[in-house]
Amino acid sequence: MGQRSQWGTRAGFILAAVGSAVGLGNIWRFPYVAYENGGGAFFIPYLFALLTAGIPILIMEFTIGQKYRGSAPLSFFRMEGKKAEWLGWWGVFVAFVISTYYSVIIAWAMKYTVYSFNLQWGDDTQGFLFGDVLNLADTPGQVGGFVPGVLIPHILVWIIVFGILFAGVKKGIELANKIFIPVLVIVFLMIVIRAVTLPGALTGLEAFFKPDLSQLANGTVWVAAYGHIFFSLSIAFAIMITYSSYLPRKSDITNNAFITGFANSGFELLAGIGVFAALGFMAVQSNVAVDEVATAGVGLAFAVFPQIINEFPGMNALFGVLFFLSLVLAGLSSLISICETYVAGLSEKLGISRNKAVLFGAGAASLISLLFTTRGGLYFLDAVDYFINQFGVAFIGLVEVIAIAWVFRKLDVFKEHANPMSDIQIRGWWKFSLMYITPLVLGYMMFDLFRTNLG
Ligand code: TYR
């Protein structure tokens with residue numbers, strides 16, 4: 001199979017890792033999670049979660065990939081043999097499932113980008129999703145046919161993904177992120193500047209930042225902070241191990257992890273400001289409280305935002321195009337990392353070329369993802385997304401941390417590996433976070449989840 005691929009530059013790796021972390025979750029998930037969980041006060045548990053779980057796990061996963069130099073299954077195999085390999089496969093499986101529906105959301109965003117040029121949004125918010133634009137079924141259980149107009153962007157998303165993956169790590173993934181991420185930042189800054197200068201923006205920002213300190217005593221707020229950090233940093237499902245396996249032998253892992261973690265949070269904060277300024281505008285226009293228009297996910301992006309764009313004072317076509325383009329760029333750079341996880345896993349396990357692995361892996365994912373482009377797609381998507389994020393990502397995170405810290409007892413070995421190459425020396429806080437804080441919080445999260453789902 002020749003020499004192992006490598007990133008061309010350190011900046012290239014960091015941009016790719018940031019590209020993976022910064023995704024739809026930063027734009028449509030973070031603002032609402034923060035708002036719902038104490039507003040300004042949420043930043044305390046959030047920072048805590050970033051420093052005691054997010055960045056420590058990122059350092060751990062970067063070390064695993066860089067030290068063992070393989071896809072997630074191969075890295076775990078090299079670490080502890082057959083009994084550890086399945087941990088990597090579990091992550092690969094979760095990544096595969098996520099890629100099947102994540103790609104469809106990007107296709108919707110593409111369709112909306114084009115649609116924004118024409119600005120034919122009606123006034124009926126539900127209409128965008130269930131009416132002419134996405135034509136989704138409004139009752140669960142219907143599969144219906146394919147939605148006309150979604151298949152073309154869907155095929156386009158996969159052509160882009162195939163193209164980038166075929167081009168390889170350096171000429172494909174690295175180059176794509178070197179273009180996508182700076183463009184994304186510029187596009188998003190334009191959105192934020194426009195949003196904060198809208199009438200009513202301050203009302204939205206006040207709602208977003210107003211600290212409700214009483215929420216700090218609430219356990220669910222802390223769980224939400226840890227849960228979000230996991231989602232947001234793309235940790236625990238093999239992606240970051242795969243990306244760091246392409247690092248040169250001498251790389252400052254710890255520093256890279258801090259840069260990635262803070263860059264992701266910085267983007268998230270920017271998204272919170274942009275989204276809530278726009279929601280404030282919407283609330284003032286419609287004479288309702290911010291609470292009535294604040295929401296997350298598909299509803300925020302594909303129903304509330306079109307409405308905001310509709311009410312915009314001038315230049316609304318531009319605002320719409322920029323907003324949906326930002327979703328496309330943030331989504332694509334994450335989707336590439338998710339697909340690379342199984343491309344690397346398959347090619348190493350089966351001993352096939354990278355291109356064949358792209359063809360089989362991404363080929364299968366793109367076919368399965370057709371299911372989510374049907375009229376009932378949103379319902380499947382919601383169900384699979386909930387299941388995979390709660391039981392997939394959080395659960396592997398827990399098992400991975402316990403296995404490495406307590407069963408294989410690798411933390412000291414990793415520390416010895418990372419420290420000599422880094423400007424930042426990891427010490428007690430890192431080990432303590434991984435041995436005690438992360439397992440306790442994730443353990444509590446799982447317990448809570450089973451209790452609410454089964455009880
Ligand atoms: N971190 C990225 C995001 O915020 C990628 C991701 C996608 C992470 C799906 C988790 C997940 O379930 O969108």
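Residues numbered from 1 in each chain as written. Predicted model: local features only at pLDDT ≥ 70, side-chain atom pairs only at ≥ 80, totals over all residues. Heavy atoms only, no water.

Engineer: How should I be thinking about the overall build of the chain in this particular structure?
Structural biologist: Along the backbone of the chain there are 19 helices and 0 strands. Expected size for 455 residues packed as a compact globule is a radius of gyration near 23 Å; at 21 Å, the chain falls within 12% of this value. On the principal axes, the C-alpha backbone points of the chain span a range of 60 × 50 × 45 Å. For the chain, the proportion of its 455 residues judged to be buried stands at 60%. Surface summary for the chain: the accessible area is close to 17,200 Å², and the carbon and sulfur share equals 66%. Taking the average location of the 26 positive side-chain charges in the chain and that of its 25 negative ones, the two points are 16 Å from each other. (Helix = DSSP H or I, 4+ residues; strand = E, 2+ residues; numbered from the N terminus. Rg over C-alpha atoms; globule rule 2.2 N^0.38 Å. Buried < 20%, exposed > 50% of the residue type's maximum accessible area, 1.4 Å probe, protein only. Areas by Shrake-Rupley, 256 points an atom, 1.4 Å probe, with all protein chains shown as cover. Lys, Arg positive; Asp, Glu negative; His and termini not counted. Charge placed at Lys NZ, Arg CZ, Asp CG, Glu CD.)

Engineer: Just checking my understanding: could you explain the environment of Met-79 for this structure?
Structural biologist: Mapped onto the fold, Met-79 is located in helix α4 (residues 72–80). Sequence separation of Met-79 and Ser-334 is 255 residues, and the distance between their C-alpha atoms is 27 Å. Filtering out sequence-adjacent residues up to four positions away, Met-79 remains in contact with Ile-64, Tyr-68, Ile-404, Phe-408, Lys-410 and Phe-414. (Contact = heavy atoms within 4.5 Å.)

Engineer: Looking at this model, I keep getting lost on a nonpolar patch on the surface. Mind explaining?
Structural biologist: Taken together, the side chains of Ile-402, Trp-406, Val-407, Phe-432, Tyr-436 and Leu-440 define a hydrophobic patch exposed on the protein surface, amounting to about 590 Å² of accessible area. Broken down by secondary-structure element, the contributors of at least two residues to the nonpolar patch are α17 (377–407) and α19 (428–454). Structurally, Leu-440 is set in helix α19. Note on Leu-440: relative accessible area 63%, which makes it exposed. (Patch = residues over 30% accessible without salt bridge, like charges linked within 9 Å, V, L, I, M, F, W, Y side chains within 5 Å. Salt bridge = Lys/Arg side-chain N within 4 Å of Asp/Glu carboxyl O.)

Engineer: I'm lost on the packing of helix α10 (residues 219–232) against α19 in this one. Help?
Structural biologist: Think of two packed helices as two axes; the pair is described by the angle between the axes and how far apart they sit. The geometry of α10 relative to α19 is characterised by a closest axis approach of 10 Å and an angle of 105° between their N-to-C directions. Between α10 and α19, the angle falls in the class roughly perpendicular. Here Val-223, Tyr-226, Gly-227 and Phe-230 of α10 lie close against α19, whose contacting residues are Ile-437, Thr-438, Val-441, Leu-442, Tyr-444 and Met-445. Split by residue class, the contact of α10 with α19 holds 8 nonpolar, 2 polar and no charged. (Axes fitted to C-alpha atoms, helices over the stretch in contact; angles between N-to-C directions. Parallel < 35°, antiparallel > 145°, perpendicular 65-115°, else oblique. Nonpolar A, V, L, I, M, F, W, Y, C, P; charged D, E, K, R; others polar.)

Engineer: It is not clear to me how the site of the ligand should be interpreted in this structure. Could you clarify?
Structural biologist: Near the ligand lie 14 residues; those nearest to it are Ala-21, Tyr-102, Phe-231, Ser-234 and Asn-389. Residue Asn-26 places a side-chain N or O atom 3.5 Å away from an oxygen atom belonging to the ligand. Look at the ligand: alone it shows 330 Å² of surface, and the protein chains cover 99% of it. Those elements that provide at least two residues to the shell around the ligand are α1 (10–21), α2 (24–36), α5 (82–118) and α10. Broken down by element, the shell around the ligand gets its largest block of residues, 3 residues, from α2. Along the lines of polarity and charge, the residues of the shell around the ligand split into 6 nonpolar, 8 polar and no charged. (Near = heavy atom within 4 Å. Polar contact = N/O pair within 3.5 Å; in protein donor to acceptor, adjacent residues only side chain to side chain.)

Engineer: Any chance you could explain the packing of α1 against helix α8 (residues 169–196) here in plain terms?
Structural biologist: Contact geometry of α1 with α8 gives a least axis separation of 9 Å together with a crossing angle of 70°. Judged by the inter-axis angle, α1 sits roughly perpendicular to α8. With respect to the hand of their crossing, α1 and α8 are arranged in left-handed fashion. Contact with α1, carried on its side by Gly-12, Leu-15, Ala-16 and Gly-19, involves Ile-173, Glu-174, Asn-177, Lys-178 and Ile-181 of α8 and no other residues of that element. (Left-handed = near helix turned anticlockwise from the far one by under 90°.)

Engineer: Could you clarify how one ought to interpret the environment of Ala-16 in this entry?
Structural biologist: When you line up the elements, Ala-16 lands in helix α1. Classification of Ala-16 as buried rests on a relative accessible area of 0%. For the pair Ala-16 and Tyr-115, spaced 99 residues apart in sequence, the C-alpha separation works out to 29 Å. Ignoring any residue separated from it by four or fewer positions in sequence, one finds Ala-16 in contact with Trp-7, Ile-173, Asn-177 and Tyr-243.

Engineer: What is the right way to look at the pattern of salt bridges in this model?
Structural biologist: Once their charged atoms are close, side chains differing in charge can pair, the charge on each being opposite to the other. Counted by the stated rule, this structure contains 9 salt bridges. Notably, a salt bridge pairs Glu-85 with Lys-349, separated by 3.2 Å at the nearest N-O pair. Taken together, the residues span a long stretch of sequence, with Glu-85 in helix α5 and Lys-349 in helix α15 (residues 316–350) at a distance of 264 residues.

Any functional reading would require information that these geometric values do not contain.
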